[in-house]
4 protein chains.
Amino acid sequence: MTGRGAVMDDEGFVMLGRMMVALEEVEGCPEFAALIPEVRTNLVYARERARSREDVLAVDGRITVVDGRPKAAGRIRFGASSHMARLVIELARFDPSIRAGIDFANTPHMAAWLGEYCRTKGWTLSVIDRRGEPEAVQETEGASMPWKVAEAVRAAGGRTPKIFYETGAVGKEAVSVLVGRDPVEVADQACEIAREYHGRG
Amino acid sequence: MTGRGAVMDDEGFVMLGRMMVALEEVEGCPEFAALIPEVRTNLVYARERARSREDVLAVDGRITVVDGRPKAAGRIRFGASSHMARLVIELARFDPSIRAGIDFANTPHMAAWLGEYCRTKGWTLSVIDRRGEPEAVQETEGASMPWKVAEAVRAAGGRTPKIFYETGAVGKEAVSVLVGRDPVEVADQACEIAREYHGRG
Amino acid sequence: MTGRGAVMDDEGFVMLGRMMVALEEVEGCPEFAALIPEVRTNLVYARERARSREDVLAVDGRITVVDGRPKAAGRIRFGASSHMARLVIELARFDPSIRAGIDFANTPHMAAWLGEYCRTKGWTLSVIDRRGEPEAVQETEGASMPWKVAEAVRAAGGRTPKIFYETGAVGKEAVSVLVGRDPVEVADQACEIAREYHGRG
Amino acid sequence: MTGRGAVMDDEGFVMLGRMMVALEEVEGCPEFAALIPEVRTNLVYARERARSREDVLAVDGRITVVDGRPKAAGRIRFGASSHMARLVIELARFDPSIRAGIDFANTPHMAAWLGEYCRTKGWTLSVIDRRGEPEAVQETEGASMPWKVAEAVRAAGGRTPKIFYETGAVGKEAVSVLVGRDPVEVADQACEIAREYHGRG
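Here the structure is a predicted model, which means the values were calculated and not measured.

Undergrad: Just checking my understanding: could you explain the overall build of chain A for this structure?
TA: A count of helices and strands for chain A gives six helices and nine strands. A compact globule built from 201 residues would reach a C-alpha radius of gyration of about 17 Å, and chain A, at 16 Å, matches this within 12%. Along the longest, intermediate and shortest principal axes, the C-alpha atoms of chain A span 55 × 40 × 30 Å. Put simply, 67% of the contacts in chain A that link residues at least 6 apart link residues at least 24 apart. Here chain A has roughly 8,700 Å² of accessible surface; of this, 49% comes from carbon and sulfur atoms.

Undergrad: Teacher, can you tell me more about the pattern of salt bridges here?
TA: Opposite charge on two side chains permits pairing when their charged atoms draw close. Residue and element names in this part refer to chain A. Within the structure shown, the criterion is met by 68 salt bridges over all chains. For the salt bridge of Lys121 with Glu192, the shortest nitrogen-to-oxygen distance reads 3.0 Å. Linking Lys121 in helix α3 (residues 108-121) with Glu192 in helix α6 (residues 183-198), this pair joins segments that are 71 residues apart in sequence. What makes Lys121 partly exposed here is its relative accessible area of 36%. Salt bridges here are not isolated pairs; linked through shared partners, they connect Asp9, Glu11, Arg47 and Arg99.

Undergrad: Explanation requested: the interface of chain B and chain A in the structure shown.
TA: Interface size, as often reported, equals the accessible area lost upon joining of the parts. On the side of chain A, 20 residues touch chain B, which itself brings 20 residues to the contact. Here chain B meets chain A over a buried area of about 1,500 Å², counting both sides, of which 47% is carbon and sulfur. Counting every contact that joins chain B to chain A gives two salt bridges. We note a salt bridge from Glu38 of chain B to Arg62 of chain A, for which the minimum N-O separation is 2.7 Å. A per-element tally of the side of chain B that touches chain A places strand β3 (residues 63-66) of chain B first, with three residues.

Undergrad: Would you mind going over the packing of helix α1 (residues 10-27) of chain B against helix α1 (residues 10-27) of chain C with me for this structure?
TA: To describe two helices that pack against each other, one gives the angle between their axes and the distance between the axes. Direction vectors running N to C along α1 of chain B and α1 of chain C enclose 95°, while the axes themselves pass 7 Å from each other. Taken together, α1 of chain B and α1 of chain C sit at an angle that is classed as roughly perpendicular. From α1 of chain B, Asp10, Phe13, Val14, Leu16, Gly17, Arg18, Met20 and Val21 of chain B reach across to α1 of chain C, where they touch Asp10, Phe13, Val14, Leu16, Gly17, Arg18, Met20 and Val21 of chain C.

Undergrad: Quick question: what am I supposed to make of the packing of aromatic side chains here?
TA: Between two aromatic rings, the relevant description is the distance of the centres plus the angle of the planes. Counted under the stated rule, the structure contains twelve aromatic pairs over all chains. Ring geometry for Trp113 of chain A versus Tyr117 of chain A: centroids 5.0 Å apart, planes at 15°, classification stacked. A residue pair is termed a helical-turn pair when its members lie 3 or 4 positions apart in one helix, as Trp113 of chain A and Tyr117 of chain A do in helix α3 at four residues. Trp113 of chain A gets classed as buried once you look at its relative accessible area, which sits at 17%. The buried category is assigned to Tyr117 of chain A, whose relative accessible area is 7%. Within the aromatic cluster, the residues linked to one another by ring pairs are Trp113, Tyr117, Trp123 and Tyr197 of chain A. Positioned over the ring face of Tyr197 of chain C is Arg200 of chain C, at 3.9 Å from the centre of the ring.

Undergrad: What should I look at first to understand the sheet that holds strand β2 (residues 56-59) of chain C in this one?
TA: What links the strands of a sheet is backbone hydrogen bonding, and the strands pair in either a parallel or an antiparallel sense. All names here are of chain C. Strand order in this open sheet of seven strands is β5-β2-β1-β6-β9-β8-β7, and the pairing throughout is mixed. Looking along the sheet, the strands with just one partner apiece sit at the ends: β5 (76-78) and β7 (125-128). With strand direction ignored, the average angle separating the axes of adjacent strands in the sheet is 20°. As judged from the four bridges shared by β7 and strand β8 (residues 163-166), these two strands associate in the parallel manner. Residue pairing for β8: Ser126 is matched across the bridge by Phe164. Contacting β7 and β8, helix α5 (residues 144-155) runs over the sheet at an angle of about 135° to β7.

Undergrad: Is there a simple way to explain the packing of helix α3 (residues 108-121) of chain B against helix α6 (residues 183-198) of chain B in this structure?
TA: All names here are of chain B. It is the contact of α3 with α6, at a shortest axis distance of 11 Å, that shows an interaxial angle of 115°. For the crossing formed where α3 meets α6, the hand is right-handed. Judged by residue contacts, His109, Met110, Trp113, Leu114, Tyr117 and Lys121 of α3 engage Glu192, Ile193, Glu196 and Tyr197 from α6. Among the residues forming the contact of α3 with α6, the class breakdown is six nonpolar, one polar and three charged.

Undergrad: Help me out: how do you make sense of the interface of chain A and chain D in this one?
TA: Of the residues lining the interface, 23 residues belong to chain A; the matching set on chain D comes to 23 residues. Summing both partners gives a buried area of about 2,100 Å² for chain A against chain D, and 60% of it is carried by carbon and sulfur. Among the residues of chain A in contact with chain D, Phe13, Met20 and Arg75 of chain A are the three that bury the most area, contributing 29% of the side total. Applying the counting criterion to the chain A and chain D interface returns four residue pairs in polar contact (both at pLDDT 80 or more). At the level of secondary structure, the elements contributing two or more residues to the side of chain A that touches chain D comprise α1 (10-27) and α6 of chain A. Residue contributions to the side of chain A that touches chain D peak at twelve residues, all from α1 of chain A.

Undergrad: It is not clear to me how the arrangement of the chains should be interpreted in this structure. Could you clarify?
TA: No part of chain A reaches chain C; the closest C-alpha pair between them is 13 Å apart. In this assembly chain B lies apart from chain D, the nearest approach of their C-alpha atoms being 13 Å.

Undergrad: Would you mind showing me how to read helix α1 (residues 10-27) of chain D here?
TA: Structural remark: α-helix, 3.6 residues per turn; residues separated by three or four positions point the same way. Along its 18 residues, α1 of chain D runs 26 Å from first to last C-alpha, staying within 8% of the 26 Å computed at 1.5 Å per residue. Burial analysis of α1 of chain D places 15 of its 18 residues in the buried class, which makes it a mostly covered element.

Undergrad: What's the story with the side chain of Arg99 of chain C in this structure? I'm lost.
TA: Within the secondary structure layout, Arg99 of chain C lies in the loop between α2 (83-94) and β6 (100-105). The class for Arg99 of chain C is buried, based on a relative accessible area of 14%.

Undergrad: For this particular structure, what's the right way to read the sheet that holds strand β8 (residues 163-166) of chain B?
TA: Residues and elements named next belong to chain B. Here we have seven strands laid out as an open sheet, ordered β5-β2-β1-β6-β9-β8-β7, and mixed in their pairing. Of all the strands in the sheet, just β5 (76-78) and β7 (125-128) have a single pairing partner and so form its edges. With direction set aside, neighbouring strand axes in the sheet form an average angle of 20°. Inspection of the sheet shows strand β2 (residues 56-59) paired to β5 by three bridges, in the antiparallel sense. From the neighbouring strand, Leu57 faces β5, where its bridge partner is Phe78. With respect to the sheet, α1 is in contact with β1 (43-46), β2, β5 and β6 (100-105), its orientation differing from that of β1 by roughly 160°. Helix α5 (residues 144-155) rests against β7 and β8 of the sheet, and its axis sits at about 135° to β7.

Undergrad: Teacher, can you tell me more about helix α2 (residues 83-94) of chain A here?
TA: Residues and elements named next belong to chain A. The first and last C-alpha atoms of α2 sit 18 Å apart over twelve residues, in line with the 16 Å expected at 1.5 Å per residue. Those residues of α2 not exposed but buried are Met84, Ala85, Leu87, Val88, Ile89, Glu90 and Leu91. Close packing links the buried residues of α2 with β1 (43-46), β2 (56-59), β6 (100-105), α5 (144-155), β8 (163-166) and β9 (175-180).

Undergrad: What's the story with the relation of the copies chain B and chain A in this structure? I'm lost.
TA: Mapping between the two chain copies consists of a rotation about an axis together with a translation along that axis. You can overlay chain B on chain A at an RMSD of 0.0 Å; the transform is a turn of 180° with a shift of 0.0 Å along its axis. Expressed as an axis order, the relation between the two copies is that of a two-fold axis. Residue by residue, 100% of the interface of chain B is reproduced at the interface of chain A, so both copies engage with the same surface.

Undergrad: What is the right way to look at the relation of the copies chain A and chain D in this model?
TA: If you rotate chain A by 180° and push it 0.0 Å along the axis, it lands on chain D with an RMSD of 0.0 Å. By residue overlap, the copies meet face to face through one surface: 100% of the interface positions of chain A are interface positions in chain D.

Undergrad: Would you take a moment to explain the environment of Ala92 of chain D for this structure?
TA: Turning to its location among the elements, Ala92 of chain D is positioned in helix α2 (residues 83-94). It is 8.9 Å that separates the C-alpha atoms of Ala92 of chain D and Glu48 of chain D, two residues lying 44 residues apart in sequence.

Undergrad: Sorry, what's going on with the environment of Ala187 of chain C here?
TA: All names here are of chain C. Within the fold, Ala187 resides in helix α6 (residues 183-198). Overall, the relative accessible area of 0% leaves Ala187 in the buried class. In the structure, Ala187 is positioned 91 residues away from Pro96 in sequence and 19 Å away in space, judged by C-alpha atoms. Discounting chain neighbours no more than four positions away, the residues touching Ala187 are Ala22, Glu25 and Val26.

What counts, and where the lines are drawn
- Residues numbered from 1 in each chain as written.
- Chains lettered and ligands numbered in written order.
- Predicted model: local features only at pLDDT ≥ 70, side-chain atom pairs only at ≥ 80, totals over all residues.
- Heavy atoms only, no water.
- Helix = DSSP H or I, 4+ residues; strand = E, 2+ residues; numbered from the N terminus.
- Rg over C-alpha atoms; globule rule 2.2 N^0.38 Å.
- Contact = heavy atoms within 4.5 Å.
- Areas by Shrake-Rupley, 256 points an atom, 1.4 Å probe, with all protein chains shown as cover.
- Salt bridge = Lys/Arg side-chain N within 4 Å of Asp/Glu carboxyl O.
- Buried < 20%, exposed > 50% of the residue type's maximum accessible area, 1.4 Å probe, protein only.
- Buried area = accessible area lost by both parts, 1.4 Å probe.
- Axes fitted to C-alpha atoms, helices over the stretch in contact; angles between N-to-C directions.
- Parallel < 35°, antiparallel > 145°, perpendicular 65-115°, else oblique.
- Phe/Tyr/Trp six-rings, centres within 6.5 Å; stacked < 30°, edge-to-face > 60°.
- Lys NZ or Arg CZ within 6 Å of the ring centre and 35° of its normal.
- Pairing = 2+ DSSP bridges.
- Left-handed = near helix turned anticlockwise from the far one by under 90°.
- Nonpolar A, V, L, I, M, F, W, Y, C, P; charged D, E, K, R; others polar.
- Polar contact = N/O pair within 3.5 Å; in protein donor to acceptor, adjacent residues only side chain to side chain.
- Expected span 1.5 Å × (residues − 1).
- Least-squares fit on C-alpha atoms with pLDDT ≥ 70 in both.

Below is the structure:
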């Protein structure tokens, strides 16, 4: 009868700690509430050389808005994300330093503002038009994410983008995803975006 | 310095109590987790002759899936829903006995099964094809819900449907909404659907 | 397969609603955090003619202090309190209008202040010295509460006190209990005490 | 505008991760619920060479019983414990490898069983009779914990005990404290005690 601690390695403990701090950063940023999409936000953190969603920490039940503030629905655990986990795993094939990501809402107005913001930051923003996804890709289980990531890298001229802007599609809400090396870094950057966008002139 | 209790009337207290019991019914039904859409589920309960969202109780942050089970993100409070609140208010213009509703995911497979289930129950199911929404309606703030409800009632031959099936659209997930007189009733019915769908042959 | 709603009567729904509002009153009063004892606070509400703890609503896990503010650990449910439930049931034998109660910390300094506060309010304060409890009473399962309540009523000259001050004993923290007709009333009164005590000259 | 992550060092991240895993171990052990005292349980983890409560991680609001299971009231954070934090800091003066602790209820029956359990484990159990605390110690702010720890080490013949059994006193509940190097270790050991005590012959 051994506890979960028995199978957790040192990398896992540090990752959990960083995720906790990153999550509290997001929860402590009221301006971020305005950027949480209908499908909610997730924050993910992949092990080095992650291969499956079980190698990726995420917020169980995602981050939603309660009482006007961002709030995690459940605990941080490995395996709690599917979509965002696959995105980060796929990206790491192009750039192994990418291990964390956070998604947020994207209205047409926000999209224009974000383009300008990325320019001032020197960040690459890549737009993925989901309506361009070939039917053969859509119909093959698991083929969609590799296609999207390859498309985004191609659209960014071969560089791994800092922010992805996925357009909406039938049944799919438009969202942006910001990626980086570490959940604390991406949480800081996402919260800065939320504050800047909130206080824009 | 008076508390919130000072402004709460007897109708409000009974409504809160009924919502709490209904919410625990949903949280206690693990099969319902499979029916919670990406945009999460809400459960709403409108006062008699409700006019605005402030007259409608809902779950703050909606109901999401945590640890494989339905879980309310926040507390039950008046004003916590916008979309579902307007749906029930609009419906009550056609049938004032409708005061509660709950929404859930709708895959193509579920849609077919649900049609059959409604027939055995003698319930009216009405499909709203959001792609048919006239542009003038889409562009007028607040015009969408009256159009959708009128469309659903028209499609049901003038009767208020028991279940609405909203098709997806660009940026919008397909969802079903079940309505009734009381949140305990709609929670019971939604959980029965979840259990029957889970155990289908 | 019927839900919990099936067995809940109208009295139960109203009681749940009133408890929810009362609990939010307490949670919304930061000054009350300073009055939450080590054993935490409970808020209880008994049905008319309650006979057992199953007839009494209380906060599961009680109310504790999180992030400097009062916070309910779990949900409101029948049967969630033992000690406070029995106190209110026993009191109702003397005065059936007593159906709710809340407990809070009592330091020696608070005790003196509270005596003065009760005088200005015209409330009866009764001190129960637990050290005076006869051994025969202590050793008989379930005999302690009737003894304490009878003692408190006797000490108050036959009247049901508004506030009980239970002194500490070996293994037992000193607490005060404020009682009344309704949880919203007792929450309002307890929060007023917390604010007045916090802002005392 | 830098986030909390900016001031958190690597030791802090690992500590947070270990605490999270340890806490989930406790929450996942239903038998531990029976050992949670009225004053609730805390789980603490001190930095190396900790000097003040701000160097000690603990559960904000402690661990209480909700729905029959152990449940943390709030988040894990530095500074969230006073009593248990000082106990571990004081112990580390005698044995710097002691950095974590958890407390649990102690009935007379449990005390006898625990003595036997410690013998089979080869653990030192030390009883602190709080009634023996000199008045001069009781009245000097902050003097009580050093006295208690020195007393416990003395009673254990100069060795740092594995488990402390603090007897009750006026206003103070009897509790036991189990200490060790790491919160995962102490959580595992406390949960094993809970399971063994639950299933005792």
